[in-house]
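# Coordinates in review
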Amino acid sequence: MKLKFLIRKEFIQMFRNPFIPKLIFLFPIVIVCVMPWVMSMEVKNIKVQVVDNDHSSTSQRLIQRIEASNYFLFRGTAASNDEALKNIERGDADIVLEVPYQYERDLTNNRHPQVLITANAGNATKGGMGANYLAQIVTASLSQATLPQLQMTVVDLYNPHLSYKVFMIPALMGILIMLLCGFLPALNIVGEKESGTIEQINVTPVKKWEFILAKLIPYWLVGMLVMTFCILLAWAVYGITCQGNLLLVYLLALLLAFFFSGLGLVVSNYSDTMQQAVFVMWFFVVIMLLMSGMFTPVASMPDWAQTIVLANPMHYFMDAIRTVFVRGGDLHSIATQLVRLGGIAILIDLWAVGSYRKNNK
């Protein structure tokens, strides 16, 4: 019965706060409706300039292919490579394509003309991806000119339109759980420490586990409510639906909420001010987020980083929820991720209960 009234107290305290209810409602809208448009690894609007030394019909067709691409902004032709490089230095171009002399004749004689692509790699992602896009256009042009009989068919599984939103939205749900179920419990307890209201709990016969559960359960429920809201928004705004069992998605979200709420309580138990708690939480959250595989594949990280990732619960959540949400995986497909995520969550929650100390003891 004590737990029931403690949970009721937490909900009353939560909704009396003028900021938290607005945050719970607006945060999913911003994350799902805005962030997938701006957190895209797809590079577009790359400014490209061409140096055409051949001035043939074949080189003109190549230029027309570049102009027709959705990835490039065509900045015209330059008289020489030196002039084009100066345009890169001024920021008027990102990539320069130089068509060699006798380009058409070499293609006609089944030779392999050397096409030069110069990219501004100050922004490595934009320069590398842009050069790759341009190389694909040139390669396709060469294949049609020399091997018209060659045909290639590409089948894109699970995401046939190659929409980056399909890949990002499940991961963004994890960020919501991380922020709402991690930061809010931590700041709640530290805020009570600063105001002195936690002393009134400490002098009561309330047990540690009852106090901890009363602090966590409301945020677990809020996390599940936010997950439901995100799933509905993904369907209503983008037409993206879960391809697997929704119960597995909720199970993964609940385990992640267990972990981050426990982490928030551990941080709050060792913090005396809200500023200290925020900085410590931010330290762990940024590392776990960037090393989760959300933006870059874990397999592309160095060996020492992949070893650290083994202790990162966000990595298991990202991998599992994309398997269920995008690929339609079943329980067997994510069994390893579930076990590891659940194990880490249990350890951090036990630490949260064990590290809490009442002042009168």
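Each chain carries its own residue numbering, running from 1 in the direction its sequence is written. For a predicted model such as this one, the threshold for reporting local features is a pLDDT of at least 70, and the threshold for listing and counting side-chain atom pairs is 80 or more; totals across whole chains, interfaces and linings nevertheless cover every residue. Note that water and hydrogens are dropped before the side-chain values are worked out from all heavy atoms of the structure.

The next point concerns the overall build of the protein. Helix and strand definitions here come from DSSP, where helices need a minimum of 4 consecutive H or I residues and strands a minimum of 2 consecutive E residues; each element is numbered from the N-terminal end. The secondary structure content of the protein amounts to 15 helices and 4 strands. Three exposure classes are used, based on accessible area relative to the maximum for each residue type with a 1.4 Å probe and protein chains only: buried under 20%, partly exposed in between, and exposed over 50%. Taking all 361 residues of the protein together, the buried fraction comes to 46%. What sets the accessible areas is the Shrake-Rupley method with a 1.4 Å probe; for residues, cover comes only from the shown protein chains. As displayed, the protein has an accessible area near 19200 Å², and 62% of this comes from carbon and sulfur atoms. Side-chain charges of the protein comprise 27 positive and 23 negative groups, with the mean position of each set lying 14 Å from the other. The charge count includes Lys and Arg as positive and Asp and Glu as negative, but it does not include His or the ends of the chains. Charge positions come from single atoms, namely NZ of Lys, CZ of Arg, CG of Asp or CD of Glu.

It is worth spelling out the packing of aromatic side chains at this point. Note on ring pairs: Phe, Tyr and Trp rings are taken, using the six-membered ring of Trp, and paired if centres are within 6.5 Å. Classes follow the plane angle, with under 30 degrees stacked, over 60 edge-to-face and the rest tilted. Throughout the structure, instances matching the rule amount to 8 aromatic pairs. Relative to F284, the ring of F283 has its centre 5.2 Å away and its plane inclined at 75°; by these criteria the two rings are edge-to-face. You can call F284 partly exposed: its relative accessible area is 35%. The aromatic ring of W37 is capped on one face by K165, whose charged end is 3.9 Å from the ring centroid. For a lysine, the NZ atom is tested; for an arginine, the CZ atom; a charge sits over a ring if that atom is within 6 Å of the ring centre and within 35 degrees of the ring normal. The ring centre of F167 lies 3.6 Å from the NZ or CZ of R322, which sits over that ring.

Turning to the pairing of strand β1 (residues 46–52), a few remarks are in order. Burial runs high along β1: 7 of the 7 residues are buried. Residue alternation in β1 divides its side chains into two sets, I46, V48, V50 and D52 and K47, Q49 and V51, and both sets are buried. By the bridge criterion, 4 bridges tie β1 to strand β2 (residues 72–77) in an arrangement that is parallel. Within the sheet, the bridge partner assigned to V48 lies in β2 and is F74. Look down the strands so they point away from you; if going from the first strand over the helix to the second traces a clockwise path, that crossover is right-handed. Note that the unit made of β1, helix α4 (residues 57–68) and β2 has a crossover that is right-handed. Taken together, the 5 bridges between β1 and strand β3 (residues 95–99) define a ladder with parallel strand orientation. Bridge pairing in β3 links V50 to L97. In short, DSSP must find at least two bridges between two strands for them to pair.

Quick look at the sheet that holds β2 now. Pairing is mixed across the open sheet formed by 4 strands, whose spatial order is β2-β1-β3-β4. Both outer strands of the open sheet, β2 and β4 (116–119), are each paired with one neighbouring strand and no more. Put simply, the sheet's adjacent strands are angled 20° from each other on average, direction ignored. Pairing between β3 and β4: 4 bridges, direction antiparallel. Bridge pairing in β4 links E98 to L116. Lying on the sheet, α4 is in contact with β1, β2 and β3; it crosses β1 at an angle near 175°. Convention adopted: a line fitted to C-alpha atoms gives each axis, helices being fitted over their contacting stretch, and angles between N-to-C directions are expressed from 0 to 180 degrees. Working rule for contacts: check all heavy atoms of both residues, and any pair within 4.5 Å makes them a contact.

This part takes up helix α8 (residues 164–195). The end-to-end C-alpha distance of α8, which contains 32 residues, comes to 45 Å, matching closely the 46 Å that a straight helix rising 1.5 Å per residue would cover. Counting buried residues in α8 gives 26 out of 32 residues, a clear majority hidden from the surface. Count one or two residues on from α8 and you reach G196, which has phi positive near 90°. How far a helix is expected to stretch is found by multiplying one less than its residue total by 1.5 Å.

Its location among the elements puts E98 in strand β3. The definition of a polar contact used here is a pair of N or O atoms within 3.5 Å, where within protein one atom must be able to donate a hydrogen and the other to accept one, and adjacent residues in sequence count solely through side-chain atom pairs. A polar contact is formed between the side chain of E98 and the side chain of N53, at a distance of 3.1 Å. The residues contacting E98, other than those within four sequence positions of it, are V51, N53, N81, V115 and L116.

This next bit is on the pattern of salt bridges. It is possible for side chains bearing opposite charge to pair when their charged atoms get close. Within this document, salt bridges are pairs made up of a side-chain nitrogen of Lys or Arg and a carboxyl oxygen of Asp or Glu, the two lying within 4 Å of each other. Here the structure, examined in full by the defined rule, presents 1 salt bridge. The shortest N-O distance in the salt bridge between D92 and R90 comes to 3.3 Å. Assessed through its relative accessible area of 41%, D92 is described here as partly exposed.

Put simply, buried Ala, Val, Leu, Ile, Met, Phe, Trp, Tyr and Cys residues joined by side-chain atoms within 4.5 Å make one nonpolar core. Ranked by internal contacts, the top residues of the largest apolar core, which has 83 residues, are F260 and M294. Put simply, the parts of the chain that give this core at least two residues each are α1 (2–16), α2 (20–33), α8, α10 (208–238), α11 (246–269), α12 (274–290), α14 (313–325) and α15 (335–355). For this core, the element with the highest residue contribution is α8, accounting for 19 residues. Those residues within four positions of F260 in sequence are excluded, and the remaining contacts are M178, C181, G182, V285, M288 and M314. Core analysis: the second largest hydrophobic core is formed by 17 residues, V43, I95, L97 and I137 among them.

Turning our eyes to something else, we now look at the confidence of the model for the protein. What pLDDT conveys is the predictor's confidence in a given residue, as a value from 0 to 100. Of all residues in the protein, 93% have pLDDT values of 70 or greater, and the mean over the chain is 83. Mean pLDDT values for the elements of the protein range from 68 in helix α9 (residues 198–202) up to 92 in α14.

Next up on the list: α2. Three or four residues apart is the spacing at which side chains of an α-helix point the same way, because the helix has 3.6 residues per turn. Taking 1.5 Å per residue as the helical rise, α2 with its 14 residues ought to reach 20 Å, and the 20 Å between its terminal C-alpha atoms agrees with that figure. To get the bend at any residue, fit one axis to the seven residues that end at it and another to the seven that begin at it, then take the angle between the two axes. Maximum bend of α2: about 30°, positioned at L26, with proline P28 one to four residues after it.

With that out of the way, let us pick up the packing of α11 against α12. Taken N-terminus to C-terminus, the directions of α11 and α12 make an angle of 145°; their axes are 9 Å apart at the nearest point. The chirality of how α11 crosses α12 is right-handed. For the pair formed by α11 and α12, the contact residues are F259, F260, L263, G264 and V267 on the first element and A277, V280, M281, F284, V285 and M288 on the second. As a working rule, the residues Ala, Val, Leu, Ile, Met, Phe, Trp, Tyr, Cys and Pro are called nonpolar, Asp, Glu, Lys and Arg charged, and the rest polar, with Gly in that last group. For the contact of α11 with α12, the per-class residue count stands at 10 nonpolar, 1 polar and no charged. What makes a crossing left-handed is the near helix being turned counterclockwise from the far one by less than a right angle; a clockwise turn instead makes it right-handed.

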